[in-house]
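# Report on the structure
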Amino acid sequence: MHRLLVVPVVAAAWAACQCGGPSNLCEATSCGPGLTCEKATGRCVFASGGGLSGSGGGFLGTGGGDATAGGSAGGEVDAGNVPCPMTCAGNAPICDRTQGRCVACTETQGCSFPNPVCNRLWQGGLGRCQVCLDDHSGCSGSTPFCDVTIAPAAGCIGCRSSADCTQPGTVCDSANTRSCVGDDGGFGGGSSGGGVIWGDGGVTAHCLSVNTPTPATCTTECPKGYTCQGGRCVLRGSTGPIQVTLRFRDDEDLDLYVVEPLPDGGTCEVFYGQSNFDAGPPPIPLPFPLPPQVTCGAKGWLDLDSNAACRIDRVNVENIIYSPSVTPWSGHYVVRVNYWQNCMATGMVPYEVEVRANGQTRYFCGTFTPSQASGGGVGAGRFVADFVIP
C-alpha cells in the first residue's frame, strides 16, 4: 500500500516544483527537515548549500565537476545521499538519504529503548523499530537469542533448544518461558518428581510479578475464592493433593481448564462450563452447601472463576482445587488457558499458571494478544502444561 502511495505523492511534489514560474520554481515546494528548495531547479537540497561535509560544499558542489563525499567539486547528486522529494511526517518522519524516501527509521535514527533496532525491510522499506533483528543485534546477557516471531516487535530469549543451555543439569523450556531451567526429573521422568512426572519444564519460581489483590490481614471476610487463615486471606485449596491456579495481571476474561483422567480410560474437562462442584468435601468448612452436582466424575473442581463475561471483579485469579481427603486419579492431566473475551486490553495480556501436584510445583507463563480472544467451550484454549500421576 505504501509503495502505491509514494509514486503519486512524489509526482505531485515534483510537479509542484514546476509551478513557481521560471524565476522561482519553489513557491509550491515544501522540503523536509534540513533541506531547502533550489530556486533555479526546484529541487530539494541541503540547507547549507552542500550538506555532506567537505571543504568545497559537498552534496551539490559549486565547482562544476562530479561531487564526491567531502570533495570540493560538485554538480551531480552523490550516490547514497539522495534528498527526499517531500516533507517527511506521520508514520514516515525520517528522510532516508540512501533511498531518497521517507521512512519510519534508519540504522541511526528513529528507534530507542525498548525497541532500539530498525528493521529497514519492514513493509517494503518503510521500516519499523524492533527489540532485535538477529542474535547479534539487540540481545545479550541471559537472553542472547532473537526470536522475530514474538509479537509485536520481536524479542530476546534465553534458548531455542537444550543445545543452547551450557550450564550442566539444565535444559531449554522451549514450550513456555524459552529459558534454561534445571532438569530435575520434571522433563519426562526421573526419581525426584515426588510421585508426579511433568511433561514439560516450567520454572521453579513465579514468572509474573502479580499477587492476590486481597489485603494482607483479615478477620473473617475475604474475597471469593479466599479464606481467612491466621489473619491473612489465602487462596483455597492449598492443602489438597493437586491445585492448578491461573493468575493474570489485567482485568480480562481468561479461563482455566484441567482435563482429568478417569478410571475407565476417559477424561473429564473441568472449566467454567463444567465446574464439577461437590467432587468431595471442600478443603475448609463452608457456611453454605456447594451445589450437589457431579458433572463428569472428576475429583477436582473449579473453585474460582474471575471476570466472567467481563463482569470485572478484579480478583484476576482462577483456581481448580482438590479436597485433601481424596486421592487423585492416576493418569495424564492436561492444563490449558483460554482467552474468552477482550474486556479492555489494548496490548499484551500476560498470565501465569501455577501447577502443584503431590508436593511438586511448576510455573508456566505466556501472553495473549487482544485479537486472540475467541470465546470458549469444551476443548478451547491453548496447551500450557501436562503431568502424570503414577
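Refer to the structure printed above.
Here goes a summary of the coordinates provided. (Residues numbered from 1 in each chain as written. Predicted model: local features only at pLDDT ≥ 70, side-chain atom pairs only at ≥ 80, totals over all residues. Heavy atoms only, no water.)

### Observations regarding the overall build of the chain
Within the chain one finds one helix and 22 strands. Across the 390 residues that make up the chain, the buried fraction comes to 45%. At a minimum sequence separation of 6, the contacts of the chain that also span at least 24 residues come to 48%. (Helix = DSSP H or I, 4+ residues; strand = E, 2+ residues; numbered from the N terminus. Buried < 20%, exposed > 50% of the residue type's maximum accessible area, 1.4 Å probe, protein only. Contact = heavy atoms within 4.5 Å.)

### Overview of the pairing of strand β22 (residues 382-389)
One ladder, built from two bridges, connects strand β11 (residues 197-198) with β22; its direction is antiparallel. Looking across to β22, one finds that Trp198 is bridged to Phe387. (Pairing = 2+ DSSP bridges.)

### Topic: the packing of aromatic side chains
Evaluation of the coordinates by the stated rule reveals five aromatic pairs. Geometrically, the ring pair formed by Tyr257 and Phe271 is stacked, given 4.7 Å between the ring centres and 10° between the ring planes. With Tyr257 in strand β15 (residues 253-261) and Phe271 in the loop between β16 (267-270) and β17 (301-304), this residue pair connects regions lying 14 residues apart in the sequence. Their ring planes at 85° and their centres at 5.1 Å tell us that Phe271 and Tyr272 sit as a pair that is edge-to-face. Look at Tyr272 and you get partly exposed, because its relative accessible area is 29%. Three or more aromatic residues joined by ring pairs make a cluster, and in this case those are Tyr257, Phe271 and Tyr272. Of note, Arg128 hangs over the ring of Trp122, and the distance from its end group to the ring centre comes to 3.7 Å. (Phe/Tyr/Trp six-rings, centres within 6.5 Å; stacked < 30°, edge-to-face > 60°. Lys NZ or Arg CZ within 6 Å of the ring centre and 35° of its normal.)

### Thoughts on the pairing of strand β13 (residues 232-235)
Going residue by residue along β13, you find Cys233 and Leu235 tucked away on one face and Arg232 and Val234 left uncovered on the opposite face. Two elements, strand β12 (residues 226-229) and β13, share four bridges in a ladder whose sense is antiparallel. Following the sheet pairing, Tyr226 is matched in β13 by Leu235. In textbook terms, the turn of a hairpin is the stretch between consecutive antiparallel strands, and for β12 and β13 this stretch comprises two residues, one of which, Gly230, has a positive phi near 60°.

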